[in-house]
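A structural walkthrough
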Amino acid sequence: MAEKIPFADARILVVDDEETNVHALTRILRAAGYVNVLWTTDPRTVASLYQKHDPDVILLDLHMPHLDGIGVLRQLRVIMRPQAYVPVLVLTGDYTPEARRRALSEGAKDFLTKPFEVDEVLLRIRNLLETRYLHREITTQNQLLEKRVRERTVELEGAYLDTLERLASAAEFRDDETGRHTERVGEVAALLGGALDMPEEDLFLIRRAAPLHDVGKIGIPDAILRKPGPLTGEEWEVMKTHADIGARILSGGRSRVVQMAEEIARYHHEQWNGEGYPHGVSGEAIPLSGRLVMVADVYDALTSDRVYREAWPTEMVLAYIREHAGQRFDPRVAALCDRPDVRGMLLDVRQRETSKPTAQRIA
Ligand SMILES: [Fe+2]
């Protein structure tokens, strides 16, 4: 049995208007061992044959009626996929340097004049197929690598966001063992941001950054944080330092989510009228993320049971936010509580669960 030639199953498309030429070429190719030889005598069908059969190499005549070889090369350039590499070998009776120059400049990869040496044609075809297969292999490998990089990136991002979530619950665990308050603050802040038409990307960030607003409570002594009774003035002063402690813990972050978390930790107790803490900043000098979390934090805390008081009914909390618009809260954010769609979403966040009472204070 004859030895199988390399690329024996390559798809070879022969294009020549002379049927005798087509038959001669296909006979040579089949005799050499190529099993997938296609042909056409009508150059106008090349585009559809290319799309249907995805040939590995094309043998193309130059002078043909209706559409010459140059026209075919141009058509192929338009329809080929950007990454595709399909070598074209021009076989022509036109031996003028002009024909060779034009064919090569229009994208042909090789050029032979008729009458040709059978061995030479076969060698050139083999060389072109070698390039085609190498190209295909490299493209496949690149796609595989890109896919792996994408998968790794998604995995890393997931691990990173996961770590942030755990950091938020570590801080919360000390005074709210249910661990859902911080998460809901993220949810509500993003919901309010969405109602203000914040860009999608910022909503993604605030949703993940807001749960870290109280991370600075890690630095507050248990005697104050878990004190069952009311805090003394001095103890409140210590409690208020959690905003700056949190900002310090998160400072210098390189990712946008940690940068936003730092901003939120620092500003989430600043009030619109400047009477908040830690720095008494007012109005729009408080970043929007801080103003949103201020409302989200109060909303969630007041609608939750505490060991020292029962949860307020949602309508009462919304009324409280409205009453303090322009004082404690950014009036634009507070006004969202009047919008039926926002109220509906806020109620929904709350109704999805009933938490166990905790000792946590709004601080
Ligand atoms: Fe706080």
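In case you missed it, the structure is sitting above this.
Along each chain, numbering runs from 1 in the same order as the chain's sequence is written. Local features in this predicted model are restricted to residues whose pLDDT is 70 or higher, and side-chain atom pairs enter the listing and the counts only when it is 80 or higher, whereas totals over whole chains, interfaces and linings include all residues. In computing side-chain values, all of the structure's heavy atoms are included and hydrogens and water are not.

Moving on: the overall build of the chain. Numbering of helices and strands runs from the N terminus; a helix is a DSSP stretch of H or I covering at least four residues, while a strand is a stretch of E covering at least two. Regarding its fold elements, the chain presents 15 helices and 5 strands. To get the radius of gyration, use the C-alpha atoms; to get the globule rule, take the number of residues to the power 0.38 and multiply by 2.2 Å. In summary, the chain has a C-alpha radius of gyration of 36 Å against a globular reference of 21 Å for 363 residues, an excess of more than 25%. The buried share among the 363 residues of the chain stands at 47%. The criterion used for residue contact is that any of the two residues' heavy atoms lie within 4.5 Å. Summarising the internal contacts of the chain: among those between residues at least 6 apart in sequence, 67% fall at separations of at least 24. Between the mean site of the 48 positive side-chain charges and the mean site of the 58 negative ones, the chain shows a separation of 2 Å. Residue exposure (1.4 Å probe, protein chains only): buried if accessible area is under 20% of the type maximum, exposed if over 50%, otherwise partly exposed. This count recognises Lys and Arg as positive and Asp and Glu as negative, with His and chain-terminal groups excluded. All charge positions are set by atom: Lys at NZ, Arg at CZ, Asp at CG, Glu at CD.

Now for the pattern of salt bridges. The working definition used for a salt bridge is a side-chain nitrogen of Lys or Arg within 4 Å of a carboxyl oxygen of Asp or Glu. In this structure the tally under the stated criterion is 27 salt bridges. Put simply, lysine 147 and glutamate 151 hold a salt bridge, and the shortest N to O gap is 3.4 Å. Taken together, the positions of lysine 147 and glutamate 151, both in helix H5 (residues 118-173) and 4 residues apart, correspond to about one turn of that helix. The salt bridge involving glutamate 262 is made with arginine 266; its shortest N-O contact spans 3.5 Å. With glutamate 262 and arginine 266 both in helix H11 (residues 256-267), this residue pair falls 4 residues apart, about one helical turn. Using a relative accessible area of 24% as the deciding quantity, one classes arginine 266 as partly exposed. The network of salt bridges with shared partners includes Arg11, Asp54, Asp56, Arg132 and Arg136.

Here the aromatic set is Phe, Tyr and Trp, taking the six-membered ring for Trp, and pairing holds for ring centres within 6.5 Å; pairs whose planes are under 30 degrees apart are stacked, those over 60 apart are edge-to-face, and all others are tilted. Scanning all chains against the criterion turns up 3 aromatic pairs. Ring geometry for tryptophan 312 against tyrosine 320: centres 5.6 Å apart, planes inclined by 85°, an arrangement best described as edge-to-face. Taking the relative accessible area as the measure of exposure, tryptophan 312 reaches 26% and is therefore partly exposed. Given the relative accessible area of 16%, tyrosine 320 is considered buried.

The next thing to look at is the environment of glutamate 187. In this fold, glutamate 187 is placed in helix H6 (residues 181-195). Each C-alpha atom of the pair glutamate 187 and glutamine 327 lies 24 Å from the other, and the pair is 140 residues apart in sequence. Not counting residues within four places of it along the chain, the set of residues in contact with glutamate 187 comprises Arg180, Arg207, Val349 and Arg352.

Where strand E1 (residues 11-15) meets strand E2 (residues 36-40), 5 bridges bridge the pair, whose relative direction is parallel. Of the residues in E2, the one forming a bridge with leucine 13 is leucine 38. The criterion for strand pairing is that DSSP finds at least two bridges linking the strands in question.

Following lysine 114, the chain continues to proline 115 via a peptide bond in cis, the omega torsion being -10°. Within the secondary structure, proline 115 is located in the loop between strand E5 (110-113) and H5. Note the cis peptide between tyrosine 277 and proline 278, where omega equals 10°. By secondary structure assignment, the location of proline 278 is in the loop between H11 and helix H12 (288-302). Located in the positive-phi region is aspartate 54, a residue other than glycine, with phi close to 45°. What makes aspartate 54 partly exposed here is its relative accessible area of 24%.

On to the nonpolar core, then. What makes a nonpolar core is a set of buried Ala, Val, Leu, Ile, Met, Phe, Trp, Tyr and Cys residues whose side-chain atoms join them at distances within 4.5 Å. Counting 47 residues, the largest nonpolar core has Leu192, Ile206, Ile321 and Phe329 as its most contacted members. Of all the secondary-structure elements, those providing two or more residues to this core are H5, H6, helix H7 (200-209), H11, H12, helix H13 (314-323), helix H14 (331-334) and helix H15 (340-351). Ignoring sequence-local partners within four residues, the contact set of isoleucine 321 consists of Val295, Tyr299, Phe329, Ala334 and Cys337. Listed in part, the 22 residues of the second largest apolar core include Tyr50, Leu67, Ala84 and Val88.

Take the residue count of a helix, subtract one, and multiply by 1.5 Å to get its expected span. Its 15 residues give H6 an end-to-end C-alpha distance of 21 Å, which sits within 8% of 21 Å, the value for a rise of 1.5 Å per residue. Of all 15 residues making up H6, 13 are buried, and the element is well covered by its neighbours.

Axis definition: a line fit to C-alpha positions, over the contact stretch in the case of helices; interaxial angles, taken between N-to-C directions, run 0 to 180 degrees. Their axes nearest at 8 Å, the elements H11 and H12 cross at an angle of 60°. When the interaxial angle is binned, H11 and H12 end up oblique. Two packed elements cross with a definite hand, and for H11 against H12 that hand is right-handed. Here Met260, Glu263, Ile264 and Tyr267 of H11 lie close against H12, whose contacting residues are Ser289, Gly290 and Val293. Put simply, Ala, Val, Leu, Ile, Met, Phe, Trp, Tyr, Cys and Pro go in the nonpolar bin, Asp, Glu, Lys and Arg in the charged bin, and everything else, Gly too, in the polar bin. Residue composition of the contact of H11 with H12, grouped by class: 4 nonpolar, 2 polar and 1 charged. Working rule for angles: under 35 degrees goes down as roughly parallel, over 145 as roughly antiparallel, 65 to 115 as roughly perpendicular, anything else as oblique. Throughout, a crossing is termed right-handed when the near helix is turned clockwise from the far one, and left-handed when it is turned anticlockwise from it by less than a right angle.

The next point concerns the sheet that holds strand E4 (residues 88-92). The 5 strands lie next to each other as E2-E1-E3-E4-E5, forming an open sheet whose pairing is parallel. Strand pairing shows two members of the sheet lacking a second neighbour, E2 and E5, which therefore form its edges. Adjacent strand axes in the sheet meet at a mean angle of 20° when their direction is disregarded. Packed onto the sheet, helix H1 (residues 19-32) meets E1, E2, strand E3 (57-60) and E4 and runs at close to 175° relative to E2. Across the sheet, helix H2 (residues 46-53) touches E1 and E2, and the angle it forms with E1 is around 175°.

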